2 protein chains.
Amino acid sequence: MSTPHPAPVRMTRQRAAVADALQGSEEFRSAQQLHEVLRQRGDTVGLATVYRTLQTLVDGGDVDVLRTDDGESIYRWCARREHHHHLVCRACGSTVEIDGPTVEAWAQMVGTEHGFADIEHTIELWGICADCRR
Amino acid sequence: MSTPHPAPVRMTRQRAAVADALQGSEEFRSAQQLHEVLRQRGDTVGLATVYRTLQTLVDGGDVDVLRTDDGESIYRWCARREHHHHLVCRACGSTVEIDGPTVEAWAQMVGTEHGFADIEHTIELWGICADCRR
DNA sequence: AGCAAGAGTGAGAACCATTGTCAACTTCGC
DNA sequence: GCGAAGTTGACAATGGTTCTCACTCTTGCT
């Protein structure tokens, strides 16, 4: 198997803008929301580019994606690159990073116990944060 | 507050067909797959009707919905109506119903611990089942 | 059985988030 | 400064899901 081209990544105004917008918020945001934020901020970036950049960031492990109930993808720049989960506010998107060693182990065990391989899991918590409850 | 009309539900050939198709499989299936299954079986049902019926069944608690990685909704008639989770085969959709009292408690605790209310959680396991690994 | 009321259905249009297209434009190594 | 190749943006195209609306059944009542 020959080395697949490492695909060089260039720094562009658009990428910097998207990354900056993401790093500036604790909340999970949809691509469309980010696109709007950038527009208002003056950093005009094409919607397609926002999507592409987000995908790149996700692939690179800098950003996490989640699916809302209605199927929209929402993104967030996460502090820790290691595997972790989220406790997200349904109202404002505000998020707390969570990790649960116990749950990880449980998922793995239940999976193999039933003869499944390559086990992955989706574990996300949703609620209404203290601020939104005021 | 006066009793809102209970919305009577009528039994129709289409609903019976969809329910039957669902009850006949252990697997999670997409609306489109079910539509195709019904067509081949001779029970022609409009795609829109399949979607509507599935939604009704979900609302009634007879059917569970999940979202695949690519955003498609998949449905399954579940044996237990109580809250539970799933271990789903990424290849064939075959499913095992799971429950984890520990996890439930953990989710609840983590949530309140961070000041969140109305806590819900999404916990699903994905893997490749023994059969698909042959 | 006969009937009327209104829930249910289907074909196709409409939605809408996301992805593909492709010519024009930048970035970066030399 | 040059040029190869990665990037971008406007717009078309996808694809799952929902909406529309005229027509068809199920149901309850007689």
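Now for a description of the structure that goes with this document. Since the structure is predicted, the reported quantities are computational estimates derived from the model, not experimental observations.

## Looking at the protein's contact with DNA strand D
Part 1 of the reasoning: Thr12, Arg15, Thr49 and Arg52 of chain A together with Tyr51 of chain B are the nearest of the 21 residues found near DNA strand D.
Part 2 of the reasoning: Expressed as a percentage, the sugar and phosphate content of the atoms of DNA strand D within 4 Å of the protein is 71%.
Part 3 of the reasoning: At 3.0 Å from a phosphate oxygen of DNA strand D is found a main-chain nitrogen or oxygen belonging to arginine 10 of chain A.
Part 4 of the reasoning: Side-chain polar atom of arginine 10 of chain B to a base oxygen of DNA strand D: 2.9 Å apart, as the coordinates give it.
Part 5 of the reasoning: Elements with a minimum of two residues in the surface near DNA strand D: helix 1 (13-23) and helix 3 (47-59) of chain A together with helix 3 (47-59) of chain B.

## Comments concerning the protein's contact with DNA strand C
Part 1 of the reasoning: Not every one of the 22 residues close to DNA strand C is listed here, only the nearest: Tyr51 of chain A together with Arg10, Thr12, Arg15 and Thr49 of chain B.
Part 2 of the reasoning: In this structure, arginine 10 of chain A approaches DNA strand C through a side-chain N or O atom, which is 2.8 Å from a base oxygen.
Part 3 of the reasoning: Serine 73 of chain A has a polar backbone atom sitting 2.8 Å from a phosphate oxygen of DNA strand C.
Part 4 of the reasoning: When contributions to the surface near DNA strand C are tallied by element, the ones reaching two or more residues are helix 3 of chain A together with helix 1 (13-23) and helix 3 of chain B.
Part 5 of the reasoning: In terms of residue count, the dominant contributor to the surface near DNA strand C is helix 3 of chain A (four residues).
Part 6 of the reasoning: Its residues assigned to classes, the surface near DNA strand C shows eight nonpolar, seven polar and seven charged.

## Section: the interface of chain B and chain A
Accessible area lost upon the coming together of the parts is a frequently used measure of interface size.
Part 1 of the reasoning: On the chain A side, the residues contacting the 35 residues of chain B number 35 residues.
Part 2 of the reasoning: Here chain B meets chain A over a buried area of about 2,900 Å², counting both sides, of which 66% is carbon and sulfur.
Part 3 of the reasoning: When residues of chain B are sorted by the area they lose upon contact with chain A, Trp106, Phe116 and Leu125 of chain B head the list and together hold 22% of the total.
Part 4 of the reasoning: Linking chain B to chain A there are two salt bridges.
Part 5 of the reasoning: Arginine 90 of chain A is the partner of glutamate 120 of chain B in a salt bridge, and the nearest nitrogen-oxygen pair spans 3.7 Å.

## Notes on the packing of helix 2 (residues 31-41) of chain B against helix 3 of chain B
Residue and element names in this part refer to chain B.
Part 1 of the reasoning: Remark: helix 2 packs on helix 3, axes separated minimally by 9 Å, with the N-to-C direction vectors making an angle of 120°. Of the possible angle classes, the one that applies to helix 2 and helix 3 is oblique. Between helix 2 and helix 3 lies a crossing of right-handed hand. Packed against helix 2, whose contacting residues are Ala31, Gln32, Leu34, His35 and Leu38, the element helix 3 presents Leu47, Val50, Tyr51 and Leu54 at the interface.
Part 2 of the reasoning: Its residues placed into classes, the contact of helix 2 with helix 3 shows seven nonpolar, two polar and no charged.

## Concerning the pattern of salt bridges
Part 1 of the reasoning: Applying the stated criterion across every chain yields a total of 20 salt bridges over all chains.
Part 2 of the reasoning: Note that arginine 134 of chain A and aspartate 131 of chain A form a salt bridge whose closest N and O atoms lie 3.3 Å from each other.
Part 3 of the reasoning: Residue arginine 134 of chain A is classed as exposed on the basis of its relative accessible area, which comes to 79%.
Part 4 of the reasoning: Between glutamate 26 of chain B and arginine 76 of chain B there is a salt bridge; the shortest N-O distance is 3.0 Å. Placement of the pair is glutamate 26 of chain B in the loop between helix 1 and strand 1 (29-30) and arginine 76 of chain B in strand 3 (residues 73-77), with a sequence separation of 50 residues.
Part 5 of the reasoning: Among the charged side chains, a salt-bridge network with shared partners connects Glu26, Arg76, Arg80, Glu97 and Asp99 of chain A.

## Things to note about the relation of the copies chain B and chain A
Part 1 of the reasoning: In screw terms, the move from chain B to chain A is a rotation of 180° and a rise of 0.0 Å along the axis, fitting with an RMSD of 0.1 Å. Accordingly, the operation relating the two chain copies is best matched by a two-fold axis. In terms of proximity to the rotation axis, the leading residue of chain B is isoleucine 123 of chain B, whose C-alpha is 2.2 Å off the axis.
Part 2 of the reasoning: In this assembly, 100% of the residues forming the interface of chain B have copies in chain A that are likewise at the interface, indicating an isologous arrangement.

## Quick word on the side chain of histidine 86 of chain A
All names here are of chain A.
Part 1 of the reasoning: Mapped onto the elements of the fold, histidine 86 is located in strand 4 (residues 85-89).
Part 2 of the reasoning: Histidine 86 sits in the buried class, given a relative accessible area of 1%.
Part 3 of the reasoning: A polar contact of 3.3 Å, which involves the side chain of histidine 86, links it to the side chain of aspartate 64.
Part 4 of the reasoning: For histidine 86, the contacting residues outside a window of four places in its chain are Phe28, Asp64, Leu66, Cys78, Thr95, Val96, Glu97, Ile98, Ile123, Glu124 and Leu125.

Calculation criteria
- Residues numbered from 1 in each chain as written.
- Chains lettered and ligands numbered in written order.
- Predicted model: local features only at pLDDT ≥ 70, side-chain atom pairs only at ≥ 80, totals over all residues.
- Heavy atoms only, no water.
- Near = heavy atom within 4 Å.
- Polar contact = N/O pair within 3.5 Å; in protein donor to acceptor, adjacent residues only side chain to side chain.
- Helix = DSSP H or I, 4+ residues; strand = E, 2+ residues; numbered from the N terminus.
- Nonpolar A, V, L, I, M, F, W, Y, C, P; charged D, E, K, R; others polar.
- Contact = heavy atoms within 4.5 Å.
- Buried area = accessible area lost by both parts, 1.4 Å probe.
- Salt bridge = Lys/Arg side-chain N within 4 Å of Asp/Glu carboxyl O.
- Axes fitted to C-alpha atoms, helices over the stretch in contact; angles between N-to-C directions.
- Parallel < 35°, antiparallel > 145°, perpendicular 65-115°, else oblique.
- Left-handed = near helix turned anticlockwise from the far one by under 90°.
- Buried < 20%, exposed > 50% of the residue type's maximum accessible area, 1.4 Å probe, protein only.
- Least-squares fit on C-alpha atoms with pLDDT ≥ 70 in both.

Note that every value here comes from positions in space, so none of it alone points to a role or purpose.
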